[in-house]
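Report on the structure
Listed below, chain by chain, are the residues.
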Amino acid sequence: MPRHPKKPRRLVVDGRVYLWTLRHSHRVLDGGRSADCRQTLTLHPQPPGSGGPLRIVFDEGPGRYVPGGFPLGSGDVGYVHGGSLNLHEPGAVRALLDAASAHGWQPGERRAVEVDGWPLLAAAVAARAGEDGPGGA
């Protein structure tokens, strides 16, 4: 049975549990075209109340892609001429969490934190490739 796409997924990092979700949003222009696409990856430290959510946001822009589906995957984000990640993959989520932590995010923060995902992307891609970086070899 396939997983429900809106059901949070579980990720365990260094003994700490997170529930995470991925959402795509955009505006619809006249004629049905979409604009201002955005992928938002949200991680909720567990148990509830042990920390505020971390929202890692990828907004489309020049040289970047944030598709909502065909012809690219719905969870793909990346640079037109550079690295990319599929945000549906737990390893990509882990790499972004590690990169956010390396940039100062603390899982025990009580408030919601929203960060721009683009500055984290290169470190996360490097970690996924096994290069030096957060969580890398």
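Basis of the calculations
- Each residue is numbered by its place in its chain's sequence as written, counting from 1.
- Only residues with pLDDT of 70 or above have their local features reported here, since the model is predicted, and side-chain atom pairs are shown and tallied only from 80 upward, although totals for entire chains, interfaces and linings are computed over all residues.
- Only heavy atoms go into the side-chain values, all of them from the structure, while hydrogens and water stay out.
- A run of H or I in DSSP counts as a helix once it spans at least four residues, and a run of E counts as a strand once it spans at least two, with each numbered from the N terminus.
- Buried residues are those whose accessible area, probed at 1.4 Å on protein chains only, stays under 20% of the maximum for their type, while exposed residues exceed 50% and partly exposed ones sit between those limits.
- Here, residues are in contact when the closest pair of their heavy atoms is within 4.5 Å.
- For two strands to pair, DSSP has to find at least two bridges joining them.

**As for the environment of phenylalanine 58**
- Within the secondary structure, phenylalanine 58 is located in strand β4 (residues 54-59).
- Judged by relative accessible area, which is 0%, phenylalanine 58 ranks as buried.
- When sequence neighbours within four positions are dropped, the list of residues in contact with phenylalanine 58 reads Cys37, Arg38, Gln39, Val66, Val77, Leu87, Leu96, Gly117, Trp118 and Leu121.

**What to know about the sheet that holds strand β6 (residues 76-79)**
- Across the sheet, three strands lie side by side as β5-β6-β7; this open sheet has antiparallel pairing. Either end of the sheet is taken by a strand with one partner, and the two such strands are β5 (64-65) and β7 (84-86).
- Pairing of β5 with β6 involves two bridges; the strand directions are antiparallel. Within the sheet, the bridge partner assigned to arginine 64 lies in β6 and is tyrosine 79.

**Considering helix α2 (residues 118-128)**
- Among all positions in α2, only Trp118, Leu120, Leu121, Ala124, Ala126 and Ala127 are buried.
- Against β4, β5, β6, β7, α1 (90-102) and β8 (113-116) lie the buried residues of α2.
- The positive-phi residue at the C-terminal boundary of α2 is glycine 130, with phi of around 85°.

Distances and angles like these do not, on their own, reveal function.
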